[in-house]
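Chains, contacts and geometry: an overview
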Amino acid sequence: MISTVVAAAEFRAFCDLQRAAGRRIGFVPTMGALHDGHLALVRAAKAEADVVVASVFVNPTQFGPNEDFSKYPRDLDGDRAKLASAGCDLVFAPTAAEMYPTNDVTRVRVAPLEQFLCGPIRPGHFEGVATVVSKFFHLVGPATAVFGRKDYQQLAVLRAMVRDLFLPITIVGHPIVREADGLAMSSRNAYLTPTQRHNAQALSQGLRAAQQAFAQGVRGADELAALVTAPIVAVADSIDYVSVADADTLVPISGDVGNRALIAIAARFGGTRLLDNVVLGEDAPL
Ligand code: PAF
């Protein structure tokens, strides 16, 4: 079975030892409940590095008071087996007390990128993500870290953090891994009833319609947003946002989207909030 460490100092020592032996480190941070999308991240890290380490930690500081922290699926043994099968070499599975000891006071914010998309709906979420990932990056040291592009805003926040804090990390954004019917893989898909699961296909259907229109020359942000929204509004319980935005700054675009733009969605199916996105002019057709 794959080695697992729970102490931050042990995790750092392992990574330091690997680098001292001349090995490049690939890092995949996760909250567990792993699916094939996570395993694709491990394989991508393996392609970039000699040794792959993954963290499994359900980070309390990125959940709001009414969110699913306590019911978030946890299966460390299952996750360890999956990570081993994908070629991961070590799992870091700390406790909350290890990551946030009682004297812990430091928080990391990338405020401008929190203003948009999920930021206003999930206050404190990106501060929690940036803080925990910053801690991980300081423990791992120089490495390549791989994140999924489904959490597009998270990736943008972490890229900015690495740039601004001069962290010795190369961030790789991995394309969204989808189920056969187009639904983006997510640990939260496990919450969906069969009907909700079926309805959730509308997310990728909407994005595909926008991609096709963009390929045919449509450039109006409102028109593209309407194409995305139409199938979703018919089946989702609510839509938090459909945003057409600058793919780097996340600032909403009104008018012409130009040659590259993000379309990001958050919508609820029952109590489950799902995300999806596409970068027009960049991502392969869905
Ligand atoms: O994307 C996730 O699973 C989490 O937000 C992360 C990056 C592991 C931080 O807790």
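Residues numbered from 1 in each chain as written. Predicted model: local features only at pLDDT ≥ 70, side-chain atom pairs only at ≥ 80, totals over all residues. Heavy atoms only, no water.

Notes on the pattern of salt bridges
- As enumerated under the stated definition, the model contains 20 salt bridges in all.
- A salt bridge links R188 to D68, with the nearest nitrogen and oxygen atoms 2.9 Å apart. A residue pair is termed long-range when its members are at least 10 positions apart, and R188 in the loop between β6 (169-174) and α8 (194-199) and D68 in the loop between β3 (51-56) and α3 (76-85) qualify at 120 residues. Each member of the pair, R188 as well as D68, carries the same accessibility label: buried.
- Notably, a salt bridge pairs D181 with R197, separated by 2.9 Å at the nearest N-O pair. Of this pair, D181 sits in the loop between β6 and α8 while R197 is found in helix α8, placing the two residues 16 residues apart along the sequence. (Salt bridge = Lys/Arg side-chain N within 4 Å of Asp/Glu carboxyl O. Helix = DSSP H or I, 4+ residues; strand = E, 2+ residues; numbered from the N terminus. Buried < 20%, exposed > 50% of the residue type's maximum accessible area, 1.4 Å probe, protein only.)

A word on α3
- Of the positions making up α3, those classed as buried are G78, D79, R80 and L83.
- Taken from the residues just after α3, G87 is the one with a positive phi, measuring 100°.

Considering the packing of aromatic side chains
- Using the criterion set out here, one finds 10 aromatic pairs in the structure.
- Seen from their ring centres, F92 and F136 are 6.1 Å apart, and the 85° between their planes marks the pair as edge-to-face. Taken together, the positions of F92 in strand β4 (residues 90-92) and F136 in helix α6 (residues 125-140) put the pair 44 residues apart, joining distant regions of the chain.
- Among the residues examined, F136 registers a relative accessible area of 3% and is labelled buried.
- Linked through ring pairs, F11, F27, F57, F92, Y100, F136, F137 and F147 together constitute an aromatic cluster.
- Its end group placed over the ring of F69, R74 keeps NZ or CZ at 4.8 Å from the ring centre.
- Over the ring of F214 we find R219; its NZ or CZ atom is 3.8 Å from the centre of that ring. (Phe/Tyr/Trp six-rings, centres within 6.5 Å; stacked < 30°, edge-to-face > 60°. Lys NZ or Arg CZ within 6 Å of the ring centre and 35° of its normal.)

A look at the site of the ligand
- The environment of the ligand is made up of P29, T30, M31, N59, Q62, V129, V132, V133, F147 and Q154.
- For the ligand, an oxygen atom lies 2.6 Å from a polar atom in the side chain of Q62.
- Burial of the ligand by the protein amounts to 90% of the accessible area it has alone, namely 290 Å².
- At the level of secondary structure, the elements contributing two or more residues to the shell around the ligand comprise β2 (25-30) and α6.
- Of all the elements, α6 adds the most residues to the shell around the ligand, at three residues.
- Broken down by class, the residue content of the shell around the ligand amounts to six nonpolar, four polar and no charged. (Near = heavy atom within 4 Å. Polar contact = N/O pair within 3.5 Å; in protein donor to acceptor, adjacent residues only side chain to side chain. Areas by Shrake-Rupley, 256 points an atom, 1.4 Å probe, with all protein chains shown as cover. Nonpolar A, V, L, I, M, F, W, Y, C, P; charged D, E, K, R; others polar.)

Regarding the state of the cysteines
- Taken as a whole and judged by the stated rule, the model has zero disulfides.
- Distance from the sulfur of C15, which forms no disulfide, to the nearest cysteine sulfur (C88) is 10 Å.
- Under the relative-accessibility criterion, C15 is labelled buried at 0%. (Disulfide = S-S within 2.5 Å.)

Observations concerning the environment of P252
- Checked against the element boundaries, P252 lands in the loop between β7 (238-245) and β8 (261-269).
- Taking the relative accessible area as the measure of exposure, P252 reaches 49% and is therefore partly exposed.
- Sequence spacing of P252 and F27 is 225 residues, and the spatial spacing of their C-alpha atoms is 32 Å.
- The residues touching P252, leaving out its near neighbours within four places in the chain, are F116, V244 and A245. (Contact = heavy atoms within 4.5 Å.)

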